Amino acid sequence: MIPAGTRTLIQAAQAGDQEACQRLVEENTGLIWSVVKRYTRRGVDSEDLYQLGCLGFLKAVQGFDTGFGTQFSTYAVPKIAGEIRRFLRDDGMVKVGRGMKEQALAIYRARTRLMEELGREPALSELAQATGLTPEDIAAADLASASVASLQAESGETGLQLEGVLGSESPEEGLVERVALRTAIDHLPERERKLILLRYYKGLTQDKTAKILGISQVQVSRLEKKAIQFLRWELTAE
């Protein structure tokens with residue numbers, strides 16, 4: 001449940017009260033900055049990012065359903081991050097190539113068709129045969145088009161979520177970490193990105209991951225530890 005005072009302010013802001021909007025922004029400055037700081041190394045002034053974050057926050061205010069029972073911060077964080085990421089993407093700083101988008105669309109269509117034919121999620125090998133792409137290409141395209149929420153998937157071997165492996169200090173901070181996690185993964189070398197996707201997004205074991213990447217299971221274990229250490233550093237760096 002959200003505090004009664006916050007609910008009242010949100011309802012007033014939704015009715016057009018500008019003072020209520022300003023007060024909400026002031027009371028949630030820390031939340032907005034906690035998202036903004038994850039994007040400060042993208043060559044854009046932090047104050048500009050903060051203004052974008054405020055815009056996303058106000059969109060969250062307008063779209064929030066006070067009667068739904070969800071914490072407002074849970075709803076607001078993806079809106080704040082989405083506004084910043086939209087700017088960075090449209091400004092050419094975060095970009096998925098047309099070829100990758102076309103591959104992702106072909107994979108989506110093939111996966112949908114195979115699920116209807118097989119009655120289950122198709123294996124990577126089946127997708128590769130249906131699309132003519134390699135398992136590595138499929139993994140890369142899936143990662144490029146994956147949503148933030150998908151990174152909460154469990155690994156097939158340990159049953160752990162990647163966000164759980166990385167850890168967080170509080171539910172609110174954990175939400176911010178999840179929003180930032182995709183950006184941090186984008187900074188990994190290509191092989192490590194594919195490894196993280198296969199292990200935590202596709203839920204494959206280290207042995208299956210090793211076969212797809214053409215390396216040994218020992219190398220997978222070593223690279224996985226290295227990648228997670230890097231992600232921890234990315235998520236804790238100011």
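Residues numbered from 1 in each chain as written. Predicted model: local features only at pLDDT ≥ 70, side-chain atom pairs only at ≥ 80, totals over all residues. Heavy atoms only, no water.

Looking at the nonpolar core
Here is step 1: Counting 28 residues, the largest nonpolar core has Ile-32, Phe-57, Phe-72 and Ile-84 as the members making the most contacts within it.
Here is step 2: Going through the elements one at a time, helix H1 (4-14), helix H2 (18-27), helix H3 (29-36), helix H4 (46-63) and helix H5 (72-90) are the ones with two or more residues in this core.
Here is step 3: Within the second largest apolar cluster, 26 residues are counted, among which are Ile-107, Ala-184, Ile-185 and Tyr-200. (Core = buried A, V, L, I, M, F, W, Y, C linked by side-chain atoms within 4.5 Å. Buried < 20%, exposed > 50% of the residue type's maximum accessible area, 1.4 Å probe, protein only. Helix = DSSP H or I, 4+ residues; strand = E, 2+ residues; numbered from the N terminus.)

Considerations on the packing of aromatic side chains
Here is step 1: One pass over the structure, following the stated rule, counts four aromatic pairs.
Here is step 2: Look at Trp-33 and Tyr-50: their rings are 4.8 Å apart centre to centre, the planes differ by 10°, and that puts the pair in the stacked class. One end of the pair, Trp-33, is in helix H3; the other, Tyr-50, is in helix H4, with 17 residues separating them in the sequence.
Here is step 3: Under the relative-accessibility criterion, Trp-33 is labelled partly exposed at 28%.
Here is step 4: For the ring pair Phe-57 and Phe-72, a centre distance of 5.5 Å and an interplane angle of 80° mean the geometry is edge-to-face. (Phe/Tyr/Trp six-rings, centres within 6.5 Å; stacked < 30°, edge-to-face > 60°.)

Overview of the side chain of Thr-209
Here is step 1: Tracing the backbone shows Thr-209 in helix H12 (residues 206-213).
Here is step 2: With residues near it in sequence (within four places) discarded, Thr-209 still touches Leu-195, Leu-198, Arg-199, Leu-204 and Val-220. (Contact = heavy atoms within 4.5 Å.)

A closer look at the packing of H3 against H4
The relative placement of two packed helices comes down to the angle between their axes together with the axis-to-axis distance.
Here is step 1: Where H3 meets H4, the axes come as close as 9 Å, and the angle between the chain directions of the two elements is 120°. What the angle tells us is that H3 and H4 run oblique. H3 and H4 meet at a crossing whose hand is right-handed. In this structure, H3 contributes Thr-29, Ile-32, Trp-33 and Val-36 to the contact, and H4 contributes Ser-46, Glu-47, Leu-49, Tyr-50, Gly-53, Cys-54 and Phe-57.
Here is step 2: In terms of residue class, the contact of H3 with H4 is built from seven nonpolar, three polar and one charged. (Axes fitted to C-alpha atoms, helices over the stretch in contact; angles between N-to-C directions. Parallel < 35°, antiparallel > 145°, perpendicular 65-115°, else oblique. Left-handed = near helix turned anticlockwise from the far one by under 90°. Nonpolar A, V, L, I, M, F, W, Y, C, P; charged D, E, K, R; others polar.)

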